[in-house]
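Tertiary structure, described
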Amino acid sequence: MTRFLERIHRGDLLVADGATGTNLQRMGLPPGLPPEVWVFERPEAIRSLAASFVEAGADIILTCTFGGTRLRLRESTLAENIIELNRRAAELARQAASQRPAVLVAGSLGPTGLLLKPYGPLTPEEAAAAYQEQTKGLVEGGVDLLVIETMFALEEARAALEGVRRVTDLPVVVSFSYDRGTRTMMGVKPSQVISTFLPLGVDVIGANCGTTLENMEAVIREYHTAAPEAILWAKPNAGLPEMGPDNQAVYKVTPEEMGAFAKQYIEAGARIVGGCCGSTPQHVADIVQAVKSNE
Ligand SMILES: [Zn+2]
């Protein structure tokens, strides 16, 4: 069994990292530029953000490859180097994790940015092939598990899982973003995610990004009601962003609030908690403190 599943089945509560995009922007990544660009241009910045999550006490750090498919990067020259991009990104995370050998590296796979037919141009096969290619690079770079995240449509998540499974049988998390209360942008409900993906052998069902900390708790409760046996992952935004004076998104949820809510997610049935957009290393440190203090 893999290290990740061993720890989960032993009953460990695990803390995942915070945001990639918003933290890299604080470090100077221009808004609008994909973080993947820095894998080649500023690898030390990518490594240092990951290292700061490890120092904060995270058990799992994600690669900066949320947009790392050739479809998402179709307007960038990075699209010609998808396998190398993902391999290098995984290696950077691995290097950051090496300061604490128990830390796990999760390969992040986000939406392609294109809708599947009949809503958009993409066939399921084209989507699966793009995720297959990305996964190949991530696995070559040494990830411990894969996280298909911020999904809003069942079909795209299914294609991503198909692509991953063509490459590896490493553990997989499938995580949806509920942007309309407890529904995704496409109207998908937590119970549908459970009934679609548990039978497909997914190891962990999750929710990430989304809206408020309260809505995240409602989603976790719906998951848990639909399948009390499911291993659940909760990685909310630090609240909904407000526009700051310099046109930068400002996230107002404090590290203490994030820690308090993480505890509630555990009570609601989550086994892995972390933060999405707006979550700094300090947010992760407070989650670690809140979650591990009564373990
Ligand atoms: Zn997010």
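Worth saying up front: this structure is predicted, and the values here are computed from it rather than measured.

About the criteria used
Residues numbered from 1 in each chain as written. Predicted model: local features only at pLDDT ≥ 70, side-chain atom pairs only at ≥ 80, totals over all residues. Helix = DSSP H or I, 4+ residues; strand = E, 2+ residues; numbered from the N terminus. Rg over C-alpha atoms; globule rule 2.2 N^0.38 Å. Buried ≥ 20, exposed ≤ 12 C-beta atoms within 10 Å, placed from the backbone. Contact = placed C-beta atoms within 7 Å. Core = buried A, V, L, I, M, F, W, Y, C linked by C-beta atoms within 7 Å. Pairing = 2+ DSSP bridges. Axes fitted to C-alpha atoms, helices over the stretch in contact; angles between N-to-C directions. Expected span 1.5 Å × (residues − 1).

Moving on: the overall build of the protein. Helix and strand counts for the protein stand at 11 helices and 10 strands. The C-alpha radius of gyration computed for the protein amounts to 17 Å, which stays within 12% of the reference 19 Å derived for 295 residues, consistent with globular compactness. Expressed along its principal axes, the backbone C-alpha trace of the protein runs to roughly 50 × 45 × 40 Å. For the protein, with 295 residues in total, the buried portion stands at 54%. A fraction of 78% describes how many contacts in the protein between residues 6 or more apart in sequence connect residues 24 or more apart.

One finds Ile 61, Leu 146, Ile 148 and Val 273 to be the most contacted residues of the largest nonpolar core, which totals 98 residues. The contacts of Ile 148, once residues within four sequence positions are left out, are Leu 109, Ala 157, Ala 160, Leu 161, Val 164, Val 172, Val 173, Val 174 and Ser 175.

As summarised here, the arrangement of the 8 strands in space is β1-β10-β7-β6-β5-β4-β3-β2, forming an open sheet in which the pairing is parallel. Two strands in the sheet have a free side with no partner beyond their single neighbour: β1 (14-15) and β2 (60-62). As paired elements, strand β5 (residues 172-176) and strand β6 (residues 204-209) share 4 bridges and run parallel to each other. Directly across from Phe 176, in β6, lies its bridge partner Ala 207. Packing against the sheet, helix α6 (residues 124-140) makes contact with β3 (104-109) and β4 (145-151), and its axis sits at approximately 160° to β3. Against the sheet, helix α10 (residues 255-268) touches β7 (232-236) and β10 (270-273), its axis set at about 150° to β10.

Let us look at the pairing of β10. Inspection of the sheet shows β1 paired to β10 by 2 bridges, in the parallel sense. Directly across from Leu 14, in β10, lies its bridge partner Ile 272. As paired elements, β7 and β10 share 3 bridges and run parallel to each other. Following the sheet pairing, Leu 232 is matched in β10 by Ala 270.

Note on placement: Ser 175 falls in strand β5. Overall, Ser 175 belongs to the buried group, with 27 C-beta atoms counted inside 10 Å. Separated by 17 residues in sequence, Ser 175 and Gln 192 have C-alpha atoms that sit 12 Å apart.

With 14 residues, α10 ought to run about 20 Å at 1.5 Å a step, and its terminal C-alpha atoms sit 20 Å apart, in line with that. Considered for burial, the residues of α10 that qualify are Pro 255, Met 258, Gly 259, Phe 261, Ala 262, Tyr 265, Ile 266 and Ala 268. Residues of α10 that are buried make contact with α9 (213-226), β7, β10 and α11 (281-292). In the stretch just after α10, Gly 269 is the one whose phi turns positive, near 125°.

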